Amino acid sequence: MECTVRSPVDISQPIVSCPVAVSRIMRPDDANIAGNVHGGTILKMIEEAGAIISTRHCNSQNGERSVAVLARVERTDFLTPMLIGEVAHVSAEITYTSKHSVEVQVTVMGENILNGVKRITNRATLWYVPLSADNVNSVVKVPPLQYSSPEQEEEGRKRYEAQKLNRSESKQRNDTIIFPSINMDRKSKEPYTVGYSQSSLIHLVGPSDCTLHNFLQGGVTMKLMDEVAGIVAARHCKTNIVTASVDAINFHQKIEKGSVINVSGRMIFTSNKSMEIEVVVDVDHVLKSPQESIHSVTAFFTYVSLGKDGMALPIPTLKVETEDEKKRFEEGRERYLQAKARRTAEATKRCQ
């Protein structure tokens with residue numbers, strides 16, 4: 001399907017979306033302590049590419065100007081590590097639009113510029129909602145997308161309905177999350193327990209963190225969440241750890257400039273070679289009248305432990321102590337088995 005950049009047109013006319021490509025070299029300040037590119041850095045680049053293409057699409061027709069904000073990120077797998085000195089190529093494409101949302105699929109490739117070898121490192125699917133440039137509480141209608149076939153549109157509609165249901169379920173669960181207070185005296189905690197590795201990070205949302213609407217960028221949020229998850233994983237294993245995947249991230253509340261966010265992470269489940277960490281972002285509107293903090297963003301991160309040879313190491317078994325921890329461990333086991341079955345099905349499909 002031919003793609004050309006054109007001036008804003010009539011709002012009823014379907015549009016052929018032009019892919020967006022963003023590239024930059026990975027520098028030493030992008031590295032984690034193991035020397036690989038920080039998973040949060042990749043997540044931030046993915047979100048930036050998605051914001052560019054979705055905002056461009058939402059302003060491609062005559063109508064109210066808008067800025068697309070991140071509402072949800074589907075499960076994202078880290079297929080291979082990105083290395084310092086490589087060039088990260090992030091390619092984003094719009095694959096479905098509903099009346100008020102945009103689906104963006106992103107592929108990340110790492111390029112060794114010394115020999116020209118490229119490989120896929122990440123794939124992700126993101127959902128954006130356009131907010132009016134004049135009124136942040138007003139959602140703007142999304143211009144329709146031109147599909148290559150009715151089947152492509154139908155598949156997109158199914159994905160839209162599935163994420164809509166999952167987001168609703170996540171919102172209900174989000175309202176019931178009770179995150180225990182973190183005891184900084186780790187000497188009183190037994191190693192390999194939830195309380196021993198549980199960690200948090202406090203961040204003041206400044207202008208450089210924000211979108212044009214003065215709300216915290218989704219990519220910045222994801223980077224902070226990945227940092228906290230990495231701290232939890234490192235405290236549990238005491239080894240080099242890397243992000244393996246991120247389950248769906250749902251953004252339930254906008255976070256304003258000047259807010260203080262508390263990013264908390266706790267170990268939920270361990271298998272022989274992986275561990276699942278729940279991360280919750282609480283918002284404290286310090287410039288407003290006192291009120292309870294709000295669970296704004298929630299997600300599950302999966303990490304693996306690597307030896308000096310880069311091979312996966314066994315994960316110490318998580319010691320669950322309370323009924324709530326046991327319940328969450330079993331829920332994590334179920335997600336682990338579902339992800340394992342999905343990977344097996346995808347591998348079988350590729351071999352056919």
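First things first, this report covers the structure right here in the doc. What you see is a predicted model, and the numbers here were worked out from it, not measured in a lab.

1. Here we look at the overall build of the protein
(1) Moving on: For the protein, the count of helices and strands is 5 helices and 12 strands.
(2) Moving on: The proportion of buried residues among the 352 residues of the protein is 48%.
(3) Moving on: For the protein, long-range pairs separated by at least 24 residues make up 74% of all intrachain contacts whose partners lie at least 6 apart in sequence.
(4) Moving on: Carbon and sulfur atoms make up 53% of the accessible area of the protein, which amounts to about 17,700 Å² in all.

2. Digging into the packing of helix H1 (residues 39-58) against helix H4 (residues 218-237)
(1) Moving on: The geometry of H1 relative to H4 is characterised by a closest axis approach of 8 Å and an angle of 165 degrees between their N-to-C directions. Considering the angle they form, H1 stands roughly antiparallel to H4. The hand of the H1/H4 crossing is right-handed. Of the residues in H4, those touching H1 at Gly39, Gly40, Thr41, Leu43, Lys44 and Glu47 are Gly218, Gly219, Val220, Met222, Lys223 and Asp226.
(2) Moving on: Of the residues belonging to the contact of H1 with H4, the class tally is 3 nonpolar, 5 polar and 4 charged.

3. Considering the packing of aromatic side chains
In this description, a pair of aromatic rings is defined by centroid distance and the angle of the planes.
(1) Moving on: Tallying each qualifying case throughout the model produces 5 aromatic pairs.
(2) Moving on: Aromatic side chains tyrosine 96 and tyrosine 147 sit 6.0 Å apart centroid to centroid with 35 degrees between the ring planes, which places their arrangement in the tilted category. One end of the pair, tyrosine 96, is in strand E4 (residues 87-97); the other, tyrosine 147, is in the loop between strand E6 (118-132) and helix H2 (150-174), and 51 residues separate them in sequence.
(3) Moving on: The class for tyrosine 96 is buried, based on a relative accessible area of 8%.
(4) Moving on: Between phenylalanine 269 and tyrosine 336, the aromatic rings sit 5.5 Å apart at their centres with planes inclined by 40 degrees, giving tilted as the arrangement. Highlighted residues: phenylalanine 269 in strand E10 (residues 260-270) and tyrosine 336 in helix H5 (residues 323-351), separated in sequence by 67 residues.
(5) Moving on: Classification of phenylalanine 269 by relative accessible area gives buried; the value is 4%.
(6) Moving on: Tyrosine 336 sits in the partly exposed class, given a relative accessible area of 25%.
(7) Moving on: One aromatic cluster in this structure is built from Tyr96, Trp127, Tyr147 and Tyr160.
(8) Moving on: The aromatic ring of phenylalanine 300 is capped on one face by arginine 335, whose charged end is 3.8 Å from the ring centroid.

4. Brief notes about H1
It helps to recall that an α-helix has 3.6 residues per turn; residues three or four apart then point in one direction.
(1) Moving on: Taking 1.5 Å as the rise per residue, H1 with 20 residues should run 28 Å; its terminal C-alpha atoms sit 29 Å apart, in good agreement.
(2) Moving on: Most of H1 sits inside the fold, with 16 of its 20 residues counted as buried.

5. Topic: the pairing of E10
(1) Moving on: Burial within E10 is extensive, with 9 of its 11 residues counted as buried.
(2) Moving on: The pairing of strand E7 (residues 199-204) with E10 spans 6 bridges and is antiparallel. Within E10, the position partnered with leucine 204 by the bridge is valine 260.
(3) Moving on: Note: E10 against strand E11 (residues 275-284), 10 bridges, orientation antiparallel. Residue pairing for E11: isoleucine 261 is matched across the bridge by valine 283.
(4) Moving on: Between E10 and the antiparallel strand that follows it, E11, lie 4 residues.

6. A closer look at unusual backbone geometry
Peptide bonds are trans in most cases, and residues, glycine excluded, mostly fall at negative phi.
(1) Moving on: Unlike most non-glycine residues, asparagine 214 shows phi in positive territory, near 65 degrees.
(2) Moving on: As for its position among the elements, asparagine 214 is in the loop between E7 and H4.
(3) Moving on: You can call asparagine 214 partly exposed: its relative accessible area is 36%.
(4) Moving on: Not every positive phi belongs to a glycine, and lysine 238 is a case in point at roughly 60 degrees.
(5) Moving on: On the secondary structure map, lysine 238 appears in the loop between H4 and strand E8 (240-246).

7. With respect to H4
(1) Moving on: With 20 residues, H4 ought to run about 28 Å at 1.5 Å a step, and its terminal C-alpha atoms sit 29 Å apart, in line with that.
(2) Moving on: Summarising burial for H4: 15 of the 20 residues are buried, a large majority.

8. As for the pairing of E8
Successive residues of a regular strand alternate their side chains across the two faces of the sheet.
(1) Moving on: When you tally the buried positions in E8, you get 5 out of 7 residues, the bulk of the element.
(2) Moving on: Strand direction decides the pairing type here: strand E3 (residues 76-78) and E8, joined by 2 bridges, are antiparallel. Each bridged residue has a counterpart across the sheet, and for aspartate 77 the counterpart in E8 is serine 245.
(3) Moving on: Bridge analysis of E8 against strand E12 (residues 294-306) gives 6 bridges, and the strand direction is antiparallel. By the bridge assignment for E12, threonine 243 is matched with tyrosine 303.

9. Some details on the side chain of histidine 236
(1) Moving on: With respect to the helices and strands, the residue histidine 236 is situated in helix H4.
(2) Moving on: On the basis of relative accessibility, which here comes to 1%, the residue histidine 236 falls in the buried class.
(3) Moving on: Those residues in contact with histidine 236 that lie beyond four places of it in its chain are Tyr192, Ser197, Met267, Thr270, Met275, Ile315, Pro316, Thr317 and Leu318.

10. Some details on the pattern of salt bridges
(1) Moving on: Across all of its chains, the model carries 16 salt bridges by this definition.
(2) Moving on: In this structure, arginine 159 and glutamate 103 form a salt bridge, with 2.7 Å as the shortest nitrogen-oxygen distance. Of this pair, arginine 159 sits in helix H2 while glutamate 103 sits in strand E5 (residues 102-111); the two residues are 56 residues apart in sequence, bridging distant segments of the chain.
(3) Moving on: What makes arginine 159 partly exposed here is its relative accessible area of 30%.

What counts as what
Residues numbered from 1 in each chain as written. Predicted model: local features only at pLDDT ≥ 70, side-chain atom pairs only at ≥ 80, totals over all residues. Heavy atoms only, no water. Helix = DSSP H or I, 4+ residues; strand = E, 2+ residues; numbered from the N terminus. Buried < 20%, exposed > 50% of the residue type's maximum accessible area, 1.4 Å probe, protein only. Contact = heavy atoms within 4.5 Å. Areas by Shrake-Rupley, 256 points an atom, 1.4 Å probe, with all protein chains shown as cover. Axes fitted to C-alpha atoms, helices over the stretch in contact; angles between N-to-C directions. Parallel < 35°, antiparallel > 145°, perpendicular 65-115°, else oblique. Left-handed = near helix turned anticlockwise from the far one by under 90°. Nonpolar A, V, L, I, M, F, W, Y, C, P; charged D, E, K, R; others polar. Phe/Tyr/Trp six-rings, centres within 6.5 Å; stacked < 30°, edge-to-face > 60°. Lys NZ or Arg CZ within 6 Å of the ring centre and 35° of its normal. Expected span 1.5 Å × (residues − 1). Pairing = 2+ DSSP bridges. Salt bridge = Lys/Arg side-chain N within 4 Å of Asp/Glu carboxyl O.

Such coordinate-based values are descriptive only and should not be taken to indicate function.
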